[in-house]
Amino acid sequence: MSIASFKSAHRLITGQQASSRLSEEILRLGMRCPMVVTDPGVLGSGTLKPITDQLDVLKANGQLTHYRIFSEVSAEPEVHIVEDCMSVYLEAQCDGLIALGGGSAMDIAKCVAVYATHDGDLESLFGEDKARVRGAPLIAMPTTAGTGSEVTNIGILSDTEARMKKGIVNDYLLPDVAIVAPELTVSCPRHVTAASGVDALVHAIEAYLSNFATPITDALAIKAMRLIIKALPKAYANPDNLEAREAMATGSLLAGMAFGNAGVGAVHALAYPLGGRYHLPHGVTNALLLPHVMRWNALACVERFRDIAEALDTAHHALKDEAAAELVVERLHQLCRDVDIPSGLRHFDISEKDIPSLAADAVKVERLLRNNPRQLTQHDIECIYRAAW
């Protein structure tokens, strides 16, 4: 094994009622005027109130001077949201960030955290390792079990002009604290529970198949698969099932730690043009593509599919490797059906004639395709899109 490193949020706090530890972490990080970054859905769901209750107590005790709420984060957020959030952050003279929401809210907060200490414009941060100084203090509190953004060094934004996703990749994006509390996910809409849950499973599977997987990321990815495959249908069927919610929150966290170090591959690379061009939710695009990319990748690493089959609790022991790999693909199709993920790109009014240009965009996502176990040409990518259509 070659030399490998491992990174995550600097502190992890998990378990039921973990959100009650927010006050303690705010004080430990020395925040006096934090900004909460969230979205309208979380704002209207009541999930924010236990958070603001803690902030109000700190303020009444003189431990905070003030706090500000920025709730303008949209799904698949565009670049200008970072600029808008940054303006509010500077105007209010904030000194730290609390991300409360799904991947979009966390990505915006992460980007603002490094932008606030960056000597340059936002565009100069896109790419890998462009930030040179540590960002503002950041606490990440996910309200969905899916993105793993609370433990990764990546912030993804939509560029409407280029019709593509852009990323800021830098270790300074790693949150100071990740508070993963299942009670924060109970109000998550069922369709978001489904899409984000499959997204978490994609993270685990792609990390396990990555060219840069290590024994550490393998262990995290396999455990994540075991948790998610059992818990996701239960959390989807009964949103109040806290045991299933906790298993999903833990599975998503482990998957985030796995892919945050091993990387993701072709599923994400092919999903990026779909999200950028058609503004489809990231979890949905990953779910649509996952079985088809898996079938394509099996040729390159079929023996690893046997491990995945075992993690997904499929009866594979009497099967040859190739048959076990096909069983994995069918199991993934079944999971998507169980949680009502629409089948086929055509369901979203994506024209088959768009496939060549989608493939031309996807093949440019070299940062992710280099992780993929099977090398893909533009023609190969077209074939995968057609299978998913």
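What comes next is a walk through the structure. (Residues numbered from 1 in each chain as written. Predicted model: local features only at pLDDT ≥ 70, side-chain atom pairs only at ≥ 80, totals over all residues. Heavy atoms only, no water.)

## Let's talk about the layout of surface pockets
The method is simple in principle: a probe with the dimensions of a water molecule rolls over the atoms, and the space it marks as empty is what remains. In this structure, the second largest pocket occupies an estimated 350 Å³ of space. In terms of lining, the second largest pocket is formed by 15 residues, of which the most central are Lys165, Lys166, Gly167, Lys364 and Val365. Of all elements in the fold, only β5 (127–128), β8 (164–169) and α14 (366–369) reach the threshold of two or more residues within the lining of the second largest pocket. A per-element tally of the lining of the second largest pocket places β8 first, with five residues. In the lining of the second largest pocket, the residues fall into six nonpolar, two polar and seven charged. (1 Å grid on protein atoms, 1.4 Å probe; cavity = no way out; pocket = protein on both sides within 12 Å on 5 of 7 lines; lining within 4 Å. Points joined across faces, edges and corners; volume = space filled by probe spheres on them. Helix = DSSP H or I, 4+ residues; strand = E, 2+ residues; numbered from the N terminus. Nonpolar A, V, L, I, M, F, W, Y, C, P; charged D, E, K, R; others polar.)

## What to know about the sheet that holds strand β6 (residues 138–142)
Pairing is parallel across the open sheet formed by six strands, whose spatial order is β1-β9-β6-β4-β2-β3. Each end of this open sheet is capped by a strand with a single partner; those strands are β1 (12–14) and β3 (68–70). For this sheet, the mean inter-axis angle between neighbouring strands, taken without regard to orientation, is 15°. In this structure, β1 lies alongside strand β9 (residues 177–180), joined through three bridges in parallel fashion. Paired with Leu12 across the bridge in β9 is Ala178. (Pairing = 2+ DSSP bridges. Axes fitted to C-alpha atoms, helices over the stretch in contact; angles between N-to-C directions.)

## Thoughts on the sheet that holds β8
With mixed pairing, three strands are arranged side by side in an open sheet as β5-β8-β7. The two strands at the open ends of the sheet, each matched to only one other strand, are β5 and β7 (154–159). Contacts from helix α9 (residues 266–278) reach β7 and β8, with the element oriented near 115° to β8. (Contact = heavy atoms within 4.5 Å.)

## Section: the pairing of β8
Burial within β8 is extensive, with five of its six residues counted as buried. Examined bridge by bridge, β7 and β8 share six bridges and lie antiparallel to one another. Residue pairing across strands places Gly155 opposite Ile168, the latter belonging to β8. (Buried < 20%, exposed > 50% of the residue type's maximum accessible area, 1.4 Å probe, protein only.)

## Some remarks on the environment of Leu345
Mapped onto the elements, Leu345 comes out in the loop between α12 (321–338) and α13 (355–362). For the pair Leu345 and Leu288, spaced 57 residues apart in sequence, the C-alpha to C-alpha distance is 7.1 Å.

## Digging into the side chain of Ser210
One can find Ser210 in the loop between α6 (190–209) and α7 (215–237). A polar contact of 2.9 Å, which involves the side chain of Ser210, links it to the backbone nitrogen of Phe212. A polar atom in the side chain of Ser210 sits 2.6 Å from the backbone oxygen of Ala262. Ignoring sequence-local partners within four residues, the contact set of Ser210 consists of Ala262, Gly263 and Asn371. (Polar contact = N/O pair within 3.5 Å; in protein donor to acceptor, adjacent residues only side chain to side chain.)

## Considering the pairing of β7
With six of its six residues buried, β7 lies for the most part within the structure. Neither face of β7 is open: one carries Ile154, Ile156 and Ser158, the other Gly155, Leu157 and Asp159, and all of them are buried. Between β7 and the antiparallel strand that follows it, β8, lie four residues; Arg163 among them carries a positive phi value of about 55°.

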